[in-house]
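Survey of secondary and tertiary structure
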Amino acid sequence: MNLKESYRYANYLDRLLETASMYLTHLEFITTTKQMHIRSKANSEAADETLILPKPYDVDFTPMQLIDFSVKVIAEKELLAEAIAAAKSKTEINIDNAISMNKKKQSFINVLNNMANTKANTKTVQGYGYKFNAEGNQIKYYYDIEETTTIDFDRNDVKALIKKYSRNCDDISAKLDAIEINTIVDFTPKWDVNDSFEDVVID
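Residues numbered from 1 in each chain as written. Predicted model: local features only at pLDDT ≥ 70, side-chain atom pairs only at ≥ 80, totals over all residues. Heavy atoms only, no water.

Thoughts on helix H1 (residues 3-24)
The end-to-end C-alpha separation of H1 is 31 Å, in line with the 32 Å expected for 22 residues at 1.5 Å each. Within the span of H1, buried status applies to Leu-3, Ser-6, Tyr-9, Ala-10, Tyr-12, Leu-13, Leu-16, Ala-20 and Tyr-23. Looking down the long axis of H1, one finds its buried residues gathered within 170 degrees of arc, a one-sided arrangement. Exposed positions of H1 whose direction lies more than 90 degrees from the buried face are Arg-8 and Glu-18. Next to the buried residues of H1 lie helix H2 (27-30), helix H3 (63-88), helix H4 (95-116), helix H5 (155-182) and helix H6 (197-201). Of the residues that open H1, the one with a side-chain oxygen 3.2 Å from the backbone nitrogen of Lys-4 is Asn-2. (Helix = DSSP H or I, 4+ residues; strand = E, 2+ residues; numbered from the N terminus. Expected span 1.5 Å × (residues − 1). Buried < 20%, exposed > 50% of the residue type's maximum accessible area, 1.4 Å probe, protein only. Arc of directions from axis to C-beta. Contact = heavy atoms within 4.5 Å. Polar contact = N/O pair within 3.5 Å; in protein donor to acceptor, adjacent residues only side chain to side chain.)

This is the structure in structure tokens:
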């Protein structure tokens, strides 16, 4: 399998483990509740009855089977992680660092885009003050405030940086895509990603 397929398989294993955990954290699935209806004490003519409450899921596996299966999935994920790490160590660029730095650059591009969209403007807002009128009473009066906002950066420099980092991120993304397809991971999967949870548990 190549790196891209190995990532897909890793996600598949995560989903298997999450599904198993969902069952195993459901109290009614991992326990059996028995009810003894002792009717005869209250009514001598009534018969006693013992009932087993039904499980919440109609499945063909037991809690212990799921525990054993989860152990297998974890072991498979560990082996896969080691194989992926070995494959990554042979690539022309450090994949994890490249992905991390691309995220940082894209975040910075968002900041720069916000700045590039900022425009200088002039607007009139209202202010107020207090004065005494002819009767000696203090009254509020209103007046216009002309507010001018200017940008404190070079818009052309910002736009140039946006182009530079965008081009760089695109180049790295294209290189990463090629690496994911062309890098072989020395690993044979135990299951097929198209297999259902039920199929692989009782396999």
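So, the environment of Lys-105
Secondary-structure assignment places Lys-105 in helix H4. Look past the residues within four positions of Lys-105 in its chain and what remains in contact with it is Tyr-165, Asn-168 and Cys-169.

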